[in-house]
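Here are the chains, one letter per residue:
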Amino acid sequence: MSFTLRSVKVPPNSVSLDEARHRVFDFFRAACRSIPTVMDIYNLNDVVAPSHLRSVVAAEIRKHASVTNPKVIDMLLFKAMEELNNITEHAKQRHHIIGQYVVGREGLMQDTGAKDQGASNFLKDFYKTNYF
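In this report, the structure presented in the accompanying data block is examined. (Residues numbered from 1 in each chain as written. Predicted model: local features only at pLDDT ≥ 70, side-chain atom pairs only at ≥ 80, totals over all residues. Heavy atoms only, no water.)

A look at helix α2 (residues 17–42)
- Relative to the 38 Å expected for 26 residues at 1.5 Å per residue, α2 spans 35 Å between its end C-alpha atoms, a close match to the ideal helical length.
- At Ile 35, α2 shows its largest bend, some 40°, and a proline, Pro 36, comes one to four positions later.
- Taken residue by residue, α2 has Ala 20, Arg 23, Val 24, Phe 27, Ala 30, Ala 31, Cys 32, Ser 34, Ile 35, Val 38, Met 39 and Tyr 42 as its buried positions.
- Phi turns positive, to about 55°, at Asn 43, one or two residues after α2. (Helix = DSSP H or I, 4+ residues; strand = E, 2+ residues; numbered from the N terminus. Expected span 1.5 Å × (residues − 1). Bend = angle between axes of the 7 residues up to and from the residue. Buried < 20%, exposed > 50% of the residue type's maximum accessible area, 1.4 Å probe, protein only.)

Written as structure tokens, this is what we have:
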């Protein structure tokens, strides 16, 4: 599974921004190629589509699009490759993957309006005054 990922190494420093950019594209291709394996390992077929995971990987890469220092790009790329390696070698559990990449950083959005429907006026006032 992760044998192909071990062959992709990040050298200590990229010579230029163009070289670092090509390494990021190579990492993106390797990450996208490992998505079916990750979905099989963690049994994510009933939770998320492969296209959603690809878009999450692309969003994580685009989040650092403004970085122009090749050394910083190499460091971010090394961290990303380490994360991908941990995922493909099953170093994380299923709920970690779902929490980080399926649900996202915002968490589940809950509807607070339906919760207060059966509450008494005393409880509604209590909740209003004691929540910061």
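Describing unusual backbone geometry
- Even without glycine at this site, Asn 43 takes up a positive phi of about 55°.
- Following the sequence through the fold, Asn 43 ends up in the loop between α2 and α3 (50–62).
- Asn 43 sits in the partly exposed class, given a relative accessible area of 48%.
- Despite not being glycine, His 90 has its phi angle at roughly 60°, a positive value.
- Assignment of secondary structure puts His 90 in the loop between α4 (70–88) and α5 (94–103).
- Judged by its relative accessible area of 44%, His 90 falls in the partly exposed class.

Some points on the packing of α2 against α3
- Two numbers describe how α2 lies on α3: the axes approach to 10 Å, and their chain directions differ by 150°. What the angle tells us is that α2 and α3 run roughly antiparallel. Classified by chirality, the crossing of α3 by α2 is right-handed. The segment α2 lies against α3, with Val 24, Phe 27, Phe 28, Ala 31, Cys 32, Ile 35 and Met 39 engaging Pro 50, Leu 53, Arg 54, Val 57, Ala 58 and Ile 61.
- A per-class count over the contact of α2 with α3 returns 12 nonpolar, no polar and 1 charged. (Axes fitted to C-alpha atoms, helices over the stretch in contact; angles between N-to-C directions. Parallel < 35°, antiparallel > 145°, perpendicular 65-115°, else oblique. Left-handed = near helix turned anticlockwise from the far one by under 90°. Contact = heavy atoms within 4.5 Å. Nonpolar A, V, L, I, M, F, W, Y, C, P; charged D, E, K, R; others polar.)

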